[in-house]
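Take a look at the letters that make up each chain.
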Amino acid sequence: MNRIEPSIGISRRYLHDEVADRMRELINEGELEPRARVNESELTERFGISRTPLREAIKILATEGLLELLPNRGARVASISRTELEEMIEVVAGLEATACELACRSISEDELGTVEAMHREMVAAWQARDEANYFRLNREIHEAIMLASRNAKLRSLYLGLTGRIQRSRYSAHQTEAQWAQAVEEHEQMVVLLRARDGDGLAALMRRHIRSKKPVIAAMYGEEEDGGARLTAP
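- Per an unreviewed UniProt entry, the protein goes by the name GntR family transcriptional regulator and belongs to Methylorubrum podarium.

And the structure:
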């Protein structure tokens, strides 16, 4: 049997894939908010590209549900219905709970030390009311636990789903009491992770994520007439 030699260029990424990554970041970070129109002229200038790779990237993000294609009118960032939002949060809660169970079996001392250090920094950011760093560290802690699960398929599903609600999820707090509760829950997470208590950590993570439902919904605004969609703030 003839052996097929691998092509040198086979792993090269196409430009539209790179553009899709950049646009995905803009959506996840909230720079492109739900229902915002995609300004092709602005993005081609910003990325230094032509419209062709941009439009290919738009098609990719549309298949992922991040963008909505508008007939003869370009595209906009996808809105989220209340039902979709609740379903997404339930699935994220399940994925993260599973990651907690797996991480408690496989996390290394170095990884655990990193999570504990990030938690201390997050608490300091909370005390200083440094929201930008608090939200960043909050997200990084959740992602570190996901990585420690050692399950690539689980992480892929998680990343694919959380993009649409990532910014609002980590920045969602309406009152000082809710913010303090979130910090306290993170404190408990670190204790349970250190104890390798997979069941306890999974249960806490489910409660932690589910508690964000009403706050995240509020960040997307009131439902439109007919109760079908949630709009951007």
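1. Digging into the state of the cysteines
Next up, step 1: Summed over the entire model, instances satisfying the criterion amount to zero disulfides.
Next up, step 2: We note that Cys-100 lacks a disulfide partner, and the nearest cysteine sulfur, in Cys-104, lies 6.6 Å from it.
Next up, step 3: By relative accessible area, Cys-104 is classed as buried at 5%.

2. Brief notes about the side chain of Glu-116
Next up, step 1: Looking at the element boundaries, Glu-116 is found in helix H5 (residues 109-127).
Next up, step 2: Among the residues examined, Glu-116 registers a relative accessible area of 17% and is labelled buried.
Next up, step 3: Aside from chain neighbours lying at most four places away, what touches Glu-116 is Val-190 and Arg-194.

3. Considering the nonpolar core
Next up, step 1: Judged by nonpolar contacts, the single largest core of 45 residues is most densely connected at Leu-85, Val-115, Tyr-134, Ile-145, Leu-193 and Leu-201.
Next up, step 2: Elements supplying a minimum of two residues to this core: helix H4 (82-106), H5, helix H6 (131-148), helix H7 (152-162), helix H9 (176-194), helix H10 (198-210) and helix H11 (213-219).
Next up, step 3: With 11 residues, the top contributor of residues to this core is H4.
Next up, step 4: Ignoring anything within four residues of it in the chain, the contact list for Val-115 reads Ile-141, Ala-144, Val-190 and Leu-193.
Next up, step 5: By size, the runner-up hydrophobic cluster in this structure holds 18 residues, among which are Ala-20, Ile-49, Ala-57 and Val-77.

Parameters at a glance
Residues numbered from 1 in each chain as written. Predicted model: local features only at pLDDT ≥ 70, side-chain atom pairs only at ≥ 80, totals over all residues. Heavy atoms only, no water. Disulfide = S-S within 2.5 Å. Buried < 20%, exposed > 50% of the residue type's maximum accessible area, 1.4 Å probe, protein only. Helix = DSSP H or I, 4+ residues; strand = E, 2+ residues; numbered from the N terminus. Contact = heavy atoms within 4.5 Å. Core = buried A, V, L, I, M, F, W, Y, C linked by side-chain atoms within 4.5 Å.

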